[in-house]
There are 2 protein chains.
Amino acid sequence: MSGVRIAVDAMGGDHAPREVVRGAISYAASHADEVILVGDLPRIEREIADYGHGRPASVRFVDAPDVIGMSDHPAQAIRAKRRSSIVVATNLVREDEADAVVSAGSTGATMAAAIFRLGRIEGIDRPALPAHMVTATGPVMLLDVGANVDSSPDNLVQFAAMGAIFAERVLKVTRPRIGLLNIGEEEEKGDALTREAYTRLRASSLNFVGNVEAHEMIGHAADVVVCDGFVGNVVIKFFEGPTSNRGRWRRSRCSP
Amino acid sequence: MSGVRIAVDAMGGDHAPREVVRGAISYAASHADEVILVGDLPRIEREIADYGHGRPASVRFVDAPDVIGMSDHPAQAIRAKRRSSIVVATNLVREDEADAVVSAGSTGATMAAAIFRLGRIEGIDRPALPAHMVTATGPVMLLDVGANVDSSPDNLVQFAAMGAIFAERVLKVTRPRIGLLNIGEEEEKGDALTREAYTRLRASSLNFVGNVEAHEMIGHAADVVVCDGFVGNVVIKFFEGPTSNRGRWRRSRCSP
């Protein structure tokens, strides 16, 4: 194989396993990567038969009869359901049977499986969830959008470091500009968290461009914007309102 | 007079005094309220002459030669510029010469003038800034949107009480539904602030309907939604991005 080996949690997601299996088959047919579908094998095989596109040679299967639901407590479920698709898929990375793991299932369970089975990079205390906002001139990566609440200033610096590496390696941005989501442009603006994070980001070796106000993300004021997960989660859910079926916002406006 | 007496800061706002004076004249001509224009009298008189709609008998004038700019430090400016339009206008309320004061100028200076000249209602530790979000089925009042950062759980309960009174008296909502902006529906969700605020709101006599996620505001899940001013300010500025000239967001999307 010249590509990478991707373990896919076939059971995770709103329309799993059907849409996950179809996506994986479709991907494998057109890429040099190996795809390892992990889940309830009889159901996966039925979905492949229904799809009617055959089975690319680069698709492998690993059985995992348990499923972690959206209502399960993530950390408890990871410990209790050792044969669940997300745990088995993550173990494939741990055992060097796969290079990466992908899941559209419970975010908390995926996060917990990664922490408990793969651990953290040295110097990183907490993982972060990123969201990509596509602007007219390129993507803005916002993190954390919900993995952490009550973050410390050091957490925010660590999110910035992870975001910078992701932007460089994956988004191919040279020397990514790092912004701090804040409620004013000036250094002294913000709450206790952002004021201290500002000082530490400026003292870091990152390409810190200062505070970024929420409306400036849209103007691509930075490539990576860091914030506490409570704030980031509110932002992405607020954004979902008018742009998805989750909200019913019509001809709305917001005045201070 | 059968109406109320409204002191208007003629010098505050992006297009003051011109647009403020025109708005005040126009309002006074069609309402039973008394309007007191406060500011630089020669400039106000010039604007009235330029407007060419005469001067309704219900418009009065009070001279205030100083102006507080957007770059002035609010609390310092309030103390140093005692003849500024916002201080003089606020003093009219203090001295019972007016019933209310309106300003489109510096938010911080208006807030500071109100705190120092009028004081706070008993039981309220900090004032709050509200924003109205107009949904398909009625307005949602979000507060605080930037007067406070690092709020306490008690601050949030006080914001809820003020919001409830405003919704009842001004928006004419019977028994307004109070929501807590949070990152999940369940009671145990959130950061330290919102988890404790949840407990106190539930124990209050307010019509507390629980946590409201950001996308649910758009569906009018509550009449009043409370949050810390950092979070609320990020929300309204994020909203401004795609809907105003402040941002340049085109055909954007946001994926978690």
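Overview of the structure. This structure is a prediction, so every number in the text was calculated from the model and none was measured.

Concerning the nonpolar core
Here is step 1 of the chain: Counting residues in each nonpolar core, the largest one holds 44 residues, and the members touching the most others are Leu142 and Leu181 of chain A.
Here is step 2 of the chain: Elements supplying a minimum of two residues to this core: β5 (130-135), β6 (138-143), α8 (214-217) and α9 (229-243) of chain A together with β5 (130-135), β6 (138-143), α8 (214-217) and α9 (229-243) of chain B.
Here is step 3 of the chain: Once residues within four sequence positions are removed from consideration, Leu142 of chain A is found in contact with Leu129, Pro130, Ala131, Met133, Leu181, Met217, Val225, Cys227, Gly232, Val235 and Ile236 of chain A.

Remarks on the packing of helix α4 (residues 85-94) of chain B against helix α5 (residues 107-118) of chain B
Residues and elements named next belong to chain B.
Here is step 1 of the chain: Running from N to C, α4 and α5 cross one another at 35 degrees; their axes reach a closest spacing of 9 Å. The handedness of the crossing between α4 and α5 comes out as right-handed. Residues Ile86, Thr90, Asn91, Val93 and Arg94 of α4 form the contact with α5, whose participating residues are Ala109, Thr110, Ala113, Ala114, Phe116, Arg117 and Leu118.
Here is step 2 of the chain: A per-class count over the contact of α4 with α5 returns 7 nonpolar, 3 polar and 2 charged.

Section: the packing of aromatic side chains
Residue and element names in this part refer to chain A.
Here is step 1 of the chain: A complete count under the given rule lists 4 aromatic pairs over all chains for this structure.
Here is step 2 of the chain: On the numbers, 5.2 Å between centres and 80 degrees between planes, the contact of Tyr198 with Phe208 is edge-to-face. You can see Tyr198 sitting in helix α7 (residues 192-203) and its partner Phe208 sitting in strand β8 (residues 208-212), a full 10 residues away along the chain.
Here is step 3 of the chain: Overall, the relative accessible area of 12% leaves Tyr198 in the buried class.
Here is step 4 of the chain: The positively charged end of Arg79 is found above the aromatic ring belonging to Phe116, 4.7 Å away from the centroid.

Observations regarding the side chain of Asp228 of chain B
All names here are of chain B.
Here is step 1 of the chain: Structurally, Asp228 can be placed in the loop between β9 (224-226) and α9.
Here is step 2 of the chain: The side chain of Asp228 is buried and forms no salt bridge, while Arg126, the nearest opposite charge, is found at 5.8 Å.
Here is step 3 of the chain: When residues no more than four places from it in sequence are discounted, the contact partners of Asp228 are Asp144, Asn148, Val149, Asp150, Ser151, Leu156 and Leu193.

Some thoughts on helix α1 (residues 18-30) of chain A
Residues and elements named next belong to chain A.
Here is step 1 of the chain: Along its 13 residues, α1 runs 19 Å from first to last C-alpha, staying within 8% of the 18 Å computed at 1.5 Å per residue.
Here is step 2 of the chain: Regarding α1, the residues found buried are Val20, Val21, Ala24, Ile25 and Ala28. In an axial view of α1, the angular spread of the buried residues amounts to 130 degrees, which keeps them on one side of the axis. Residues Ala29 and Ser30 are exposed on α1 and point more than 90 degrees away from its buried face.
Here is step 3 of the chain: For α1, the elements touching its buried residues are β1 (5-9), β2 (34-39), α2 (41-51) and β3 (59-63).

Considerations on the pattern of salt bridges
Side-chain pairing between opposite charges can occur once the charged atoms of the two side chains come close.
Here is step 1 of the chain: Counted under the stated rule, the structure contains 24 salt bridges over all chains.
Here is step 2 of the chain: The salt bridge involving Asp96 of chain B is made with Arg5 of chain B; its shortest N-O contact spans 3.1 Å. Of this pair, Asp96 of chain B sits in the loop between α4 and β4 (100-102) while Arg5 of chain B sits in strand β1 (residues 5-9), placing them 91 residues apart in sequence.
Here is step 3 of the chain: Salt bridges here are not isolated pairs; linked through shared partners, they connect Arg5, Asp96 and Asp99 of chain A.

What counts as what
- Residues numbered from 1 in each chain as written.
- Chains lettered and ligands numbered in written order.
- Predicted model: local features only at pLDDT ≥ 70, side-chain atom pairs only at ≥ 80, totals over all residues.
- Heavy atoms only, no water.
- Core = buried A, V, L, I, M, F, W, Y, C linked by side-chain atoms within 4.5 Å.
- Buried < 20%, exposed > 50% of the residue type's maximum accessible area, 1.4 Å probe, protein only.
- Helix = DSSP H or I, 4+ residues; strand = E, 2+ residues; numbered from the N terminus.
- Contact = heavy atoms within 4.5 Å.
- Axes fitted to C-alpha atoms, helices over the stretch in contact; angles between N-to-C directions.
- Left-handed = near helix turned anticlockwise from the far one by under 90°.
- Nonpolar A, V, L, I, M, F, W, Y, C, P; charged D, E, K, R; others polar.
- Phe/Tyr/Trp six-rings, centres within 6.5 Å; stacked < 30°, edge-to-face > 60°.
- Lys NZ or Arg CZ within 6 Å of the ring centre and 35° of its normal.
- Lys, Arg positive; Asp, Glu negative; His and termini not counted.
- Salt bridge = Lys/Arg side-chain N within 4 Å of Asp/Glu carboxyl O.
- Expected span 1.5 Å × (residues − 1).
- Arc of directions from axis to C-beta.

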